[in-house]
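One letter stands for each residue in the lines below.
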Amino acid sequence: MNEKKLKLADLAKLAGVSTSTVSRALNDNPLIKKETRVKLQRLAKQHNFSLNTAASRLRTQKTNVVAVIINLDGDTEQSINDPFLLKVVGDINLALNKFGLELLLSNSFMASDDWANYFINSRRADGLIVVGQGKNQANIEAAADAGVPLVVWGDPKSPSNYPIVGSDNYLGGRLATEHLLNKGAKNILFLGDPGHAEIGERHRGYLDAIASAKATPHVVSIDITSGASYKSINKLLVEKGLYFDGIMACSDMVALGAMKALKERYISIPNDVALVGFDDIAMADISHPSLSSIKQNTQRASVILVEKLIAQFSGQTTTSQVIDIELICRQSSQR
């Protein structure tokens, strides 16, 4: 037998396994036991056999690629550089790799309005993971209606025709606000855009906590960036003075922007103003003072996102799922 022309079926016969097992093992698919993968990979190397991945994809009509789309609103300055988005994408990439899948990173500005054609029919990817519902879900809904395998990181309590995996944003907003109230804050600002699906739920949690305490809500609608927060706090201080003693920020980056503005005016944190953010990014722990935050378990969520997408590949129906959150108390709110 000419080893240079060895076929997949020949290798399978030598190993005493099926061709599909050999193919999966050479693609390092975790569905095959590690010891079996190693054995078959060693055998392939011994016989100078290499899997023709391109030909395999043509036969199976599968790319083994998942498009991860950062869904950004047209009027936002938020970008892929946002530390929380980077963390989510990194965790999704690790989860995909464990299942032998590759990640194709895109965003809603680069992709056309027809995601089904752009990603799936053109065979760029087998399915979509969308990070963020944003304010307008039209493109997501259209892709779901077209039967595209699709899962979204967002607010899982939102009514939708597609599965959503994400944190309990309402509970997070309520916990953060109640924490500030318990620390003695009476006039608490909410910083964020309630028109955004996930932030809208955090805002609702804030409002319910404020109403239960018979306090007055103070809502400042801003873009989800540290720059917008910095400018907003400076403007409030110039126009109204320091009328607030607590801030419930819709994200850690928004909280850090507010913190910068307050510190530049020598306003004490947390003595004059206590802050709580949302996301628990790495910078929350190393900022000065360290930032209290609502922790989102993006690592667990990413595994669930990928599992639900893979289930759709085999025709299974999947549903939305809520991921637990946790209040992490640090210096910014400890009076």
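Only a predicted model underlies this, so the values are computations on that prediction, with no experimental measurement involved. (Residues numbered from 1 in each chain as written. Predicted model: local features only at pLDDT ≥ 70, side-chain atom pairs only at ≥ 80, totals over all residues. Heavy atoms only, no water.)

### Structural notes on unusual backbone geometry
Argument step 1. Pro270 follows Ile269 through a cis peptide bond whose omega is 15 degrees.
Argument step 2. Along the polypeptide, Pro270 turns up in the loop between helix 11 (252-264) and strand 9 (274-279).
Argument step 3. Of note, the bond from His288 into Pro289 is cis; its omega dihedral lies within 30 degrees of zero at -5 degrees.
Argument step 4. The phi dihedral of Asp280 falls on the positive side, at around 60 degrees, and the residue is not glycine. (Helix = DSSP H or I, 4+ residues; strand = E, 2+ residues; numbered from the N terminus.)

### Re the nonpolar core
Argument step 1. Core analysis: the biggest nonpolar cluster contains 66 residues, and Ile129, Ile233, Ile247, Leu262 and Leu275 have the highest contact counts within it.
Argument step 2. Looking at this core, the element that brings in the most residues is helix 11, giving eight residues.
Argument step 3. For Ile233, the contacting residues outside a window of four places in its chain are Leu189, Leu191, Phe244, Ile247, Ala258, Ala261 and Leu262.
Argument step 4. Grouped together as the second largest cluster of nonpolar side chains are 18 residues, Val65, Trp115, Tyr162 and Ile164 included. (Core = buried A, V, L, I, M, F, W, Y, C linked by side-chain atoms within 4.5 Å. Buried < 20%, exposed > 50% of the residue type's maximum accessible area, 1.4 Å probe, protein only. Contact = heavy atoms within 4.5 Å.)

### Quick word on the packing of helix 5 (residues 83-98) against helix 13 (residues 298-313)
Argument step 1. Across the interface, helix 5 lies against helix 13 with an axial gap of 8 Å and an inter-helix angle of 50 degrees. Taken together, the axes of helix 5 and helix 13 lie oblique to each other. Like other packed secondary-structure pairs, helix 5 and helix 13 cross with a definite hand, here right-handed. For the pair helix 5 and helix 13, contact is made by Phe84, Lys87, Val88, Asp91, Ile92, Ala95 and Leu96 and by Thr298, Gln299, Ser302, Val303, Leu305 and Val306, respectively. (Axes fitted to C-alpha atoms, helices over the stretch in contact; angles between N-to-C directions. Parallel < 35°, antiparallel > 145°, perpendicular 65-115°, else oblique. Left-handed = near helix turned anticlockwise from the far one by under 90°.)

### What to know about the packing of helix 1 (residues 8-15) against helix 3 (residues 34-46)
Argument step 1. Relative to each other, helix 1 and helix 3 sit at 120 degrees, their axes nearing to 11 Å. Judged by the inter-axis angle, helix 1 sits oblique to helix 3. Crossing of helix 1 against helix 3: the hand is right-handed. Here Leu11, Leu14 and Ala15 of helix 1 lie close against helix 3, whose contacting residues are Leu40, Leu43 and Ala44.
Argument step 2. Partitioned by chemical class, the residues of the contact of helix 1 with helix 3 number six nonpolar, no polar and no charged. (Nonpolar A, V, L, I, M, F, W, Y, C, P; charged D, E, K, R; others polar.)

### A short note on the environment of Leu94
Argument step 1. Residue placement: Leu94 occurs in helix 5.
Argument step 2. Sequence separation between Leu94 and Val303 is 209 residues, and the spatial gap between their C-alpha atoms is 8.6 Å.

### A short note on the pattern of salt bridges
Argument step 1. Evaluated as defined, the whole model comprises seven salt bridges.
Argument step 2. Asp168 is paired through a salt bridge with Lys157; the nearest N and O atoms lie 3.1 Å apart. Within this pair, whereas Asp168 is found in the loop between strand 5 (164-167) and helix 8 (169-182), its partner Lys157 is found in the loop between strand 4 (150-153) and strand 5, the two being separated by 11 residues in sequence.
Argument step 3. The class of Asp168 is buried, set by a relative accessible area of 14%.
Argument step 4. Measuring nitrogen to oxygen at the nearest pair gives 2.9 Å for the salt bridge that ties Glu201 to Arg204. Here Arg204 and Glu201 lie together in helix 9 (residues 197-212), a separation of three residues that amounts to about one turn.
Argument step 5. The partly exposed category is assigned to Arg204, whose relative accessible area is 38%.
Argument step 6. Overlapping salt bridges bring together Asp280, Asp285, Lys295 and Arg330 as one network. (Salt bridge = Lys/Arg side-chain N within 4 Å of Asp/Glu carboxyl O.)

### Let's talk about the side chain of Ser302
Argument step 1. Structurally, Ser302 can be placed in helix 13.
Argument step 2. Within the local environment of Ser302, its side chain forms a polar contact with the backbone oxygen of Thr298, the two atoms lying 2.7 Å apart.
Argument step 3. Discounting chain neighbours no more than four positions away, the residues touching Ser302 are Val88, Asp91, Ile92 and Ala95. (Polar contact = N/O pair within 3.5 Å; in protein donor to acceptor, adjacent residues only side chain to side chain.)

### Description of helix 13
Argument step 1. Look at helix 13: 23 Å from first C-alpha to last across 16 residues, which is about the 22 Å you get at 1.5 Å a residue.
Argument step 2. Within helix 13, the full set of buried residues consists of Thr298, Ala301, Ser302, Ile304, Leu305, Val306, Lys308, Leu309, Ala311 and Gln312.
Argument step 3. Gly315 sits one or two residues past helix 13 and shows a positive phi near 85 degrees. (Expected span 1.5 Å × (residues − 1).)

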